[in-house]
Amino acid sequence: MPQLGVVRNPKGDAFVVADIPGIIEGAHQGKGLGDRFLKHVERTAMLLMLLDVSGFSEHEPLDEYRMLLHEIGEFSEELTKKPRIIGLTKIDSVQDRKTLDPVKKKLETLGEKVHLLSSVSKEGLPELVAELALSLIHISEPTRRYAIAFAGFWVKKKKGGG
């Protein structure tokens, strides 16, 4: 079950974020809890894919990205068409930030919006919150209530904006 929290956007509406366990390879076939969570993702309007760049993850960030896209695409082609933002997380544990440039550039050449994030130092979080909130404004009202940040967060537009 996702854990819910409210993100207070200083420049606009608040929105709800739900932490979702990572989607594993084979999730679209029912492996792990992935297919149950992917059913929730179908009702959403956007994705935030969080990729660990600490060097301690089981997979390289670009491999994780490809696997996540594969799983959501195999579950539903429509999911791959949803607007998305990529968050490169745990940047505080990276000794040389220049090592992130090839990953960031590759994702950007694939048309992705990329944010460098640290939960520890809060680096990049205000900009990410602002972009998520702005993105939610541009999504049609019926689906705006169900915007998602996925592979880490589930973002749901809060009614009444507060």
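A. Quick peek at the pattern of salt bridges. All chains considered together, the criterion is met by 7 salt bridges. As a salt-bridge pair, Asp63 and Arg66 come within 3.1 Å of each other at their nearest N and O atoms. On the criterion of helical spacing, the pair formed by Asp63 and Arg66 is a turn pair, its members being 3 residues apart in helix H2 (residues 61–75). Relative accessible area serves as the criterion here: at 40%, Asp63 is assigned to the partly exposed category. Note on Arg66: relative accessible area 45%, which makes it partly exposed.

B. Representation of the sheet that holds strand E4 (residues 84–89). Spatial strand order, E3-E4-E5: 3 strands in an open sheet with parallel pairing. Of all the strands in the sheet, just strand E3 (47–52) and strand E5 (113–116) have a single pairing partner and so form its edges. Between one strand axis and the next, the sheet turns through 25 degrees on average, direction left out of account. Strand direction decides the pairing type here: E4 and E5, joined by 4 bridges, are parallel. Each residue of the ladder has a partner; that of Leu88, found in E5, is Leu116.

C. Structural view of the nonpolar core. Met49, Leu51, Val53, Tyr65, Ile86, Leu88 and Leu107 are the most contacted members of the largest nonpolar core, which has 19 residues in total. Counting residues per element, the ones that place at least two in this core are E3, H2, E4 and helix H3 (101–109). If one sorts the elements of this core by residue count, H2 sits on top with 6 residues. Residues Val7, Leu117, Leu128 and Leu136 belong to the second largest nonpolar core, which totals 13 residues.

D. A look at the packing of H2 against H3. Where H2 meets H3, the axes come as close as 10 Å, and the angle between the chain directions of the two elements is 30 degrees. Relative to H3, H2 is oriented roughly parallel. Seen from H2, the contacting residues are Pro61, Leu62 and Tyr65; seen from H3, they are Val103, Lys106 and Leu107. Its residues assigned to classes, the contact of H2 with H3 shows 5 nonpolar, no polar and 1 charged.

Each value, and the rule that gives it
- Residues numbered from 1 in each chain as written.
- Predicted model: local features only at pLDDT ≥ 70, side-chain atom pairs only at ≥ 80, totals over all residues.
- Heavy atoms only, no water.
- Salt bridge = Lys/Arg side-chain N within 4 Å of Asp/Glu carboxyl O.
- Helix = DSSP H or I, 4+ residues; strand = E, 2+ residues; numbered from the N terminus.
- Buried < 20%, exposed > 50% of the residue type's maximum accessible area, 1.4 Å probe, protein only.
- Pairing = 2+ DSSP bridges.
- Axes fitted to C-alpha atoms, helices over the stretch in contact; angles between N-to-C directions.
- Core = buried A, V, L, I, M, F, W, Y, C linked by side-chain atoms within 4.5 Å.
- Parallel < 35°, antiparallel > 145°, perpendicular 65-115°, else oblique.
- Contact = heavy atoms within 4.5 Å.
- Nonpolar A, V, L, I, M, F, W, Y, C, P; charged D, E, K, R; others polar.

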